[in-house]
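Residue-level listing of the chains:
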Amino acid sequence: MTVPFANFNPPPYHVLFTGAPMYYSYFSTGSLRIDSEHANIDSMIDLCRSKSGNWIPTARILVSAFVNHLDSEEKICREEGLAMTREHLAEHQLLKSRLALIDRQVVNHDLEKNVFLSMLRDILFYHISNFDKQLNPA
Ligand SMILES: [Fe+2]
Ligand SMILES: [Fe+2]
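Residues numbered from 1 in each chain as written. Chains lettered and ligands numbered in written order. Predicted model: local features only at pLDDT ≥ 70, side-chain atom pairs only at ≥ 80, totals over all residues.

Asker: In this structure, what is going on with the overall build of the protein chain? I would like to understand it.
Answerer: Scanning the protein chain for helices and strands turns up four helices and two strands. Counted from the first residue to the last, the protein chain has its helices and strands arranged as β-β-α-α-α-α. Buried residues in the protein chain amount to 25% of all 138 residues. Taking all contacts inside the protein chain whose residues are at least 6 apart in sequence as the whole, residues at least 24 apart take part in 65%. (Helix = DSSP H or I, 4+ residues; strand = E, 2+ residues; numbered from the N terminus. Buried ≥ 20, exposed ≤ 12 C-beta atoms within 10 Å, placed from the backbone. Contact = placed C-beta atoms within 7 Å.)

Asker: Hey, could you run me through the nonpolar core in this one?
Answerer: Generally speaking, soluble globular proteins have nonpolar side chains that are buried together. Judged by nonpolar contacts, the single largest core of 18 residues is most densely connected at I41, I45, L62 and L124. At six residues, the largest contribution of residues to this core is made by helix 4 (residues 113–130). Discounting chain neighbours no more than four positions away, the residues touching L62 are M44, I45 and C48. (Core = buried A, V, L, I, M, F, W, Y, C linked by C-beta atoms within 7 Å.)

Asker: For this particular structure, what's the right way to read the packing of helix 1 (residues 32–50) against helix 2 (residues 56–80)?
Answerer: In a packed pair of helices, the relevant descriptors are the angle between the two axes and the axis-to-axis distance. Relative orientation of the contacting elements helix 1 and helix 2 amounts to 170°, with a least axis distance of 10 Å. When the axes of helix 1 and helix 2 are compared, the pair comes out roughly antiparallel. From helix 1, R33, I34, E37, I41, M44, I45, L47 and C48 reach across to helix 2, where they touch T58, A59, I61, L62, A65, F66, H69, S72, E73 and I76. Residues of the contact of helix 1 with helix 2, tallied by class, amount to 12 nonpolar, three polar and three charged. (Axes fitted to C-alpha atoms, helices over the stretch in contact; angles between N-to-C directions. Parallel < 35°, antiparallel > 145°, perpendicular 65-115°, else oblique. Nonpolar A, V, L, I, M, F, W, Y, C, P; charged D, E, K, R; others polar.)

Asker: How should I be thinking about the packing of helix 2 against helix 3 (residues 86–107) in this particular structure?
Answerer: Axis separation between helix 2 and helix 3 bottoms out at 10 Å; the angle between their running directions is 170°. Looking at the two axes, helix 2 sits roughly antiparallel to helix 3. The two elements helix 2 and helix 3 meet at a crossing, and its hand is left-handed. Note on element contacts: helix 3 touches helix 2 through L89, H92, L95, K96, L99, I102, D103 and V106, opposite I56, A59, R60, V63, F66, V67, L70 and E74. (Left-handed = near helix turned anticlockwise from the far one by under 90°.)

Asker: What's the story with helix 4 in this structure? I'm lost.
Answerer: Owing to its 3.6 residues per turn, the α-helix brings residues three or four apart onto one side. With 18 residues, helix 4 extends 26 Å from end C-alpha to end C-alpha; this agrees with the ideal 26 Å at 1.5 Å per step. Inspection of helix 4 places F116, L120, I123, L124, F125, H127 and I128 among the buried residues, and these make up the whole buried set. As for helix 4, its buried residues are in contact with helix 1, helix 2 and helix 3. (Expected span 1.5 Å × (residues − 1).)

Below you can see the structure in the form of structure tokens.
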């Protein structure tokens, strides 16, 4: 099994004063709408992590929310005049292909829950660090 960004070693995630971990909301993008979508995805990761029984339906909702967010982020950027680059758009397309593959692996029980969550956290952290963080450099 190939783990994307296997060599990527993010620093420990932040923890809000509420105790909620932050992965995708690690940095503020400067758009409240985008930041709140990122925070929602973080909450869904936490929900999936805390599932003691069948985690697969929650994982699939999480993957689907992330895919929907990519389209939503592009729309918000157009509406708010944020700096969505050609490279960022291409990365979203790549992410959609990766997420479709991950979803298939989840459905086929090819991934342990912890491996799934770790992959997703690494992908989200990489994406916000290298792309979403640049949306509003001001
Ligand atoms: Fe995003
Ligand atoms: Fe993005």
